[in-house]
Amino acid sequence: MLIDLHNHTCHFSPDAKSTIDDFITGAVNKGLAVAAITEHYEYKNPDPNDNIQTFDLDLYTKTFKEWKKKCPSSLKLLMGVEFGYQTHTASDIDEIASTAPFDIVILSNHLFRGVDVFFSKEVYKLPVKARHAEYVSKLVEMAENCNNFDVLGHFDYVNKRNPDLSVNMLYDDCPKEFDRLFETLISKEKALEINTATPARRDSMPDAKIIKRYMKMGGKLITVSSDSHIMENIGALIPETCEYLKSLGVKELCYFEGRKVKTFGL
Ligand SMILES: [Zn+2]
Ligand SMILES: [Zn+2]
C-alpha cells in the first residue's frame, strides 16, 4: 500500500502550485491509497521574507469536505496541517491543533536562528556538524515542548536547502542530539517522517544509521512523505523509499486518521 502523508496545495499554502484537482489526479496516477494534505500554518512567523503565515481553519475544514467529495473511493484523503515551530509558540500550537478536525498534525521547524532556512545566508557558513547538531537540538526542544502533534516533519530540512549537494545528514554528525530526539519521540509515541524531498534533491537516501538507530531505540512509528508543492512531486520516490526502508529492516509504516495511528505492513 502506498501512502504520502505530507503535501501542500496552492489553496492554503502560498508556496505551493498544485491545485486540489492536480493533487487528486497526481495521487491517483501514482497509485496512492492514502494521501494527506498538510497545509503550512506558521503561527507568528518572524521572517519578513516569508509569505507563509496562517489561514482560516474553519474555511479549510469546509473546503476539505468538498475536496473529499471529488476523491475516488480508491484514495483516502486525509486533512492535515504542518505547524512551523518557534520556542514561544509551543503552547499556541498545542492549542490550535485542537481547533480543527485534523486527521494528522505534522510539527516542523523551518527556522534556523529565527530565519527560514530557505532564506538564510548564514546557516551554510557554519561547519556541517555544528549546523546539523544545532538544527537537531532545536527539533529535540520542539518535540519536548509540544504535545499535540502526530509526526515530526523532515528532520533533515536544514540539509534540504544546502546548496552543496554532496553533503548528506549523518547520524554521526550529532549522535547525542539524534538519540535525545528519538528518545522523546518514542516516549511520546510520535512518528518520524521520512521526507523524500531531500533525497529527491540530492540523489541519496537518508542515512541508514539514522533509521537503524531509531528502530534500535524502540522507534516503531514511521511515515513516508513527498512534501509535494507541485503536481510532478506527488508521491515522488515513495516506492523507492519504501524499498530502501525494507532493506534496513523496517517492517511497518503508519498513517493517522482522526488523529489515531494506523499501522500496516511494508
Ligand atoms: Zn516543511
Ligand atoms: Zn511541507
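Each value, and the rule that gives it
- The residue numbers shown here count from 1 along each chain, following its written sequence.
- As they are written, the chains are lettered A onward and the ligands numbered 1 onward, keeping that order.
- For a predicted model such as this one, the threshold for reporting local features is a pLDDT of at least 70, and the threshold for listing and counting side-chain atom pairs is 80 or more; totals across whole chains, interfaces and linings nevertheless cover every residue.
- The rule for pairing is simple: two strands pair if DSSP sees at least two bridges between them.
- Here a strand is any run of E in DSSP of at least two residues, a helix any run of H or I of at least four, and the numbering for each starts at the N terminus.
- The exposure label follows from counting other C-beta atoms within 10 Å of a residue's C-beta, where the C-beta atoms are placed from the backbone and the thresholds are 20 or more for buried and 12 or fewer for exposed, leaving partly exposed in between.
- What a helix should span is 1.5 Å times the count of its residues minus one.

(A) Spatial organisation of the sheet that holds strand S7 (residues 151-152). Sheet architecture is open: seven strands sit in the order S1-S2-S3-S4-S7-S8-S9, paired in parallel fashion. The open sheet is flanked by strand S1 (3-4) and strand S9 (222-225), the only strands paired with a single partner. Here five bridges tie strand S3 (residues 76-84) to strand S4 (residues 104-108), and the two strands are oriented parallel to one another. Note on S4: the bridge partner recorded for Glu82 is Ile106.

(B) Here's a closer look at the pairing of strand S8 (residues 191-195). Of all five residues that make up S8, five are buried, and the element is covered over most of its length. A two-sided burial pattern is seen for S8, the buried positions comprising Ala191, Glu193 and Asn195 on one face and Leu192 and Ile194 on the other. In this sheet, S8 lies alongside S7 in parallel orientation, the contact comprising two bridges. Across the sheet, residue Val151 finds its bridge partner in S8, namely Ala191. Where S8 meets S9, four bridges bridge the pair, whose relative direction is parallel. Bridge pairing in S9 places Glu193 opposite Thr223.

(C) View of helix H2 (residues 57-70). With 14 residues, H2 ought to run about 20 Å at 1.5 Å a step, and its terminal C-alpha atoms sit 20 Å apart, in line with that. Of all 14 residues in H2, one are buried; the element is thus mostly exposed.

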